[in-house]
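Each chain, written out:
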Amino acid sequence: MDNTSVPRHVVATTQYRRATLVALCTAVLATQVDTTVVNLAAHPIGEYFSASVDALQWVMDSYNLTYAVLLLSGGLLADLYGRRLVFMAGAVVFTVASLLGAFAPSILMLIGSRALAGLGAALTLPASLAIIRVVWHEPVERSRVLGRWAACNGLALIIGPTVGGFLVSSFGWRSIFLVVIPLSLIALVLATLFVPESSAPDNRNFDIPGQLWGAIALGGLVFSVIYSHNMPDIATITFFVFLFALGMFIRTESKTGALALVPLDIFRVREFSGAMVATAGMTFGMYGTLFLLPLTWQVTGRFGALEAGVALMPMALVFVMVSSFSGWMAKKIGTRLMAFGGVALIGCGLLTIGFCAHDGPIILAETGLALTGLGMGLATGQLMGLAVGVASARRAGTASALINVARMAGATMGIAILGATFAIVRDAPSGLRLSMLLGGLIQILCAIVAWAVTRPAIRAAC
């Protein structure tokens, strides 16, 4: 039975819808601010614990990897047991993880707390998108709401670097983990009071084999990439583990059919598959940039933590401004052009940053960041809306989880591959240049592939 119709008398009221959107956006803001402030603190964390670049990659990727691996379970749990319940559980876990990170006594404990925070985000984010799919039924209205939801990602890019830089400079790196706790608690309280509950079990069960094989596959891939340059033998073994686990995952899900953790028939919808490819490409370069650019600025002495945070702001400001109007713009120029063209624009921004990596004028780097923000503003909300909109309401949690898997898998691989490229070169400006050029080209390629596999007209639900 699909219980998404239960709360209609509640969601019909404007005030409840507004409060619901505030709760969802506050949760997104908390998880994204958490990511951006950690990027700014990478250098001081490395100095405090005498940590290598590999260890710092795991500080970022333990969050991203756990997030990406468990997103599918988070989306399925939301559909099975209630989207509001899972959303609230994620907020609680995220709050606890932030406290543990603030008082971590070692780099291993910090990495563990980041992984726990990834679990909280994996519960919260797919549930939030599923709630949007259920509460806002009209595609045009939902596109407008998703634009505002996406704008919170840009707002986090404004708040995170500036506040994070100030906190690191004034109070030390531990303070950055405390700043997100009030946001998470606000989301929890608002969800309790205003967010309607909904679920769609459809006789599905928790797919444990699918979850295990998916986790092994993604973990093996990330591990093999991060350690490819200094532990090639182990990296090669884990890569073959990835290939085996991926084959087992596909086999398991094919046998399970419509009740699988990942119903494979959803990829037959070309718009959904195109959105997955474009989203993974978008975050591949974007998250690699947010990790490597401020790290390079600080390592070379060009900027401190606070100055690096301020220097990242053009990307965030343009992102917020464009995202706010993305729903209106989509009606004018089309969702497909905005989504995939936006990803290509991000690639152009990375190429611009790469060309000026060797002490080039800072205005060129700022131009590249502005192009990145423009592309993100155009693409983020539309890609999310495209993926969730072509799915039926009963699969809202699964579809939103999958598009977020693509987003975080792209981010995880971006940090892993571009970070490994950066580490191999061993000269920060040269490493940044090569990483940005590689990231930009991959993003443009993903945009081209996504454009090619989708049709101009968005088809009906899968």
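The structure under discussion appears in the preceding block.
This report concerns the structure included in the present document. Keep in mind that this is a model prediction, so the values were computed, not measured. Along each chain, residues carry numbers from 1 onward, in the same order as the chain's sequence is written. Note on the predicted model: pLDDT of at least 70 is required for a residue's local features to be given, and 80 or more for side-chain atom pairs to be given and counted; whole-chain, interface and lining totals, by contrast, use all residues. Each side-chain value is derived from all of the structure's non-hydrogen atoms; neither hydrogens nor water enter the calculation.

Summing up its helical and strand segments, the protein chain has 17 helices and 0 strands in all. Note on exposure labels: buried denotes an accessible area under 20% of the residue type's maximum, exposed denotes more than 50%, and partly exposed covers the range between, all computed with a 1.4 Å probe on protein chains only. Among the 462 residues that make up the protein chain, the fraction classed as buried is 61%. Working rule for contacts: check all heavy atoms of both residues, and any pair within 4.5 Å makes them a contact. By sequence separation, contacts in the protein chain at least 24 residues apart represent 85% of the contacts at least 6 residues apart. Total accessible area on the protein chain is roughly 16600 Å²; 71% of this is exposed by carbon and sulfur atoms. Secondary structure follows DSSP: runs of H or I at least 4 residues long count as helices, runs of E at least 2 residues long count as strands, and numbering of each begins at the N terminus. The Shrake-Rupley method, run with a 1.4 Å probe sphere, supplies the accessible areas, and residue values consider only the shown protein chains as cover.

Structurally, Thr380 can be placed in helix 15 (residues 362–389). Under the relative-accessibility criterion, Thr380 is labelled buried at 7%. Counted as a polar contact is a pair of N or O atoms within 3.5 Å, where, for protein atoms, one must be capable of donating a hydrogen and the other of accepting one, and residues adjacent in sequence contribute only when both atoms are in side chains. Within the local environment of Thr380, its side chain forms a polar contact with the backbone oxygen of Met376, the two atoms lying 2.7 Å apart.

A few words now on the packing of helix 4 (residues 83–102) against helix 5 (residues 107–135). Packing of helix 4 against helix 5 brings their axes to within 7 Å, and their N-to-C directions diverge by 155 degrees. Classified by the interaxial angle, the pair formed by helix 4 and helix 5 is roughly antiparallel. Classified by chirality, the crossing of helix 5 by helix 4 is left-handed. Axis geometry follows a simple rule: fit a line to the C-alpha atoms, using only the stretch in contact for helices, then measure angles between N-to-C directions, giving values from 0 to 180 degrees. Oblique is the label for any angle not under 35 degrees, not over 145, and not in the 65 to 115 range, which are roughly parallel, roughly antiparallel and roughly perpendicular in turn. Helix crossings fall into two classes, left-handed where the near helix is turned counterclockwise from the far one by less than a right angle and right-handed where it is turned clockwise.

Next up on the list: unusual backbone geometry. Non-glycine residue Ser50 carries a positive phi angle of around 55 degrees. Tracing the backbone shows Ser50 in the loop between helix 2 (14–49) and helix 3 (53–81).

The nonpolar side chains of soluble globular proteins are, as a tendency, buried together. What makes a nonpolar core is a set of buried Ala, Val, Leu, Ile, Met, Phe, Trp, Tyr and Cys residues whose side-chain atoms join them at distances within 4.5 Å. Residues Leu110 and Leu383 are the most contacted members of the largest nonpolar core, which totals 131 residues. Ranked by the residues each element gives to this core, the list is headed by helix 2, at 16 residues. If we skip the residues at most four places from it in the chain, Leu383 touches Ala275, Ala278, Thr279, Met282, Ala339, Phe340, Val343 and Ile403.

Turning to the environment of Leu246, a few remarks are in order. The residue Leu246 is located in helix 9 (residues 232–256) in this model. Judged by relative accessible area, Leu246 falls into the partly exposed class, the value being 33%. Separated by 32 residues in the primary sequence, Leu246 and Gly214 have C-alpha atoms spaced 6.8 Å apart.

Next up on the list: a positive patch on the surface. On the surface, Arg18, Arg144, Arg148, Lys331 and Lys332 cluster together to form a positively charged patch. Taken together, the elements giving at least two residues each to the positive patch come down to helix 6 (139–171) and helix 13 (326–333). As for its position among the elements, Arg144 is in helix 6. Within the patch definition used here, like charges are joined within 9 Å and nonpolar side chains (Val, Leu, Ile, Met, Phe, Trp, Tyr) within 5 Å, considering only residues with over 30% relative accessible area and no salt bridge. Basic side-chain nitrogens of Lys or Arg form a salt bridge, by our definition, when they fall within 4 Å of a carboxyl oxygen of Asp or Glu. We count Lys and Arg on the positive side and Asp and Glu on the negative side, and we leave His and both chain ends out. Every charge is mapped to an atom, namely NZ of Lys, CZ of Arg, CG of Asp or CD of Glu.

Running from N to C, helix 10 (residues 270–299) and helix 14 (residues 335–355) cross one another at 25 degrees; their axes reach a closest spacing of 10 Å. When the axis of helix 10 is compared with that of helix 14, the two are roughly parallel. Handedness of the crossing formed by helix 10 with helix 14: left-handed. Residue-level inspection shows Gly274, Ala275, Ala278, Met282, Gly285, Thr289 and Leu293 of helix 10 in contact with helix 14, the latter providing Phe340, Val343, Ile346, Leu350 and Ile353.

This part covers the environment of Val145. For Val145, the position within the fold is in helix 6. Separated by 240 residues in sequence, Val145 and Gly385 place their C-alpha atoms 9.4 Å apart. Excluding anything up to four places from it in sequence, Val145 contacts Leu21, Ile132 and Trp136.

Turning next to the packing of aromatic side chains. Each aromatic pair joins two rings of Phe, Tyr and Trp (for Trp, the six-membered one) with centres within 6.5 Å, and gets the label stacked for planes under 30 degrees apart, edge-to-face for over 60, and tilted for any other angle. Tallied over the entire structure, the rule returns 10 aromatic pairs. Measuring from centroid to centroid gives 4.9 Å for Tyr48 and Phe49, while their planes differ by 85 degrees, and the two rings are edge-to-face. Counting every residue linked through ring pairs, the aromatic cluster contains Tyr48, Phe49, Trp173 and Phe177.

There is a patch of nonpolar side chains on the surface, built from Phe166, Phe171, Leu306 and Val310 and spanning about 390 Å² of accessible area. Secondary structure elements with two or more residues in the nonpolar patch: helix 6 and helix 11 (305–311). With respect to the secondary-structure elements, Phe166 resides in helix 6. By relative accessible area, Phe166 is classed as partly exposed at 44%.

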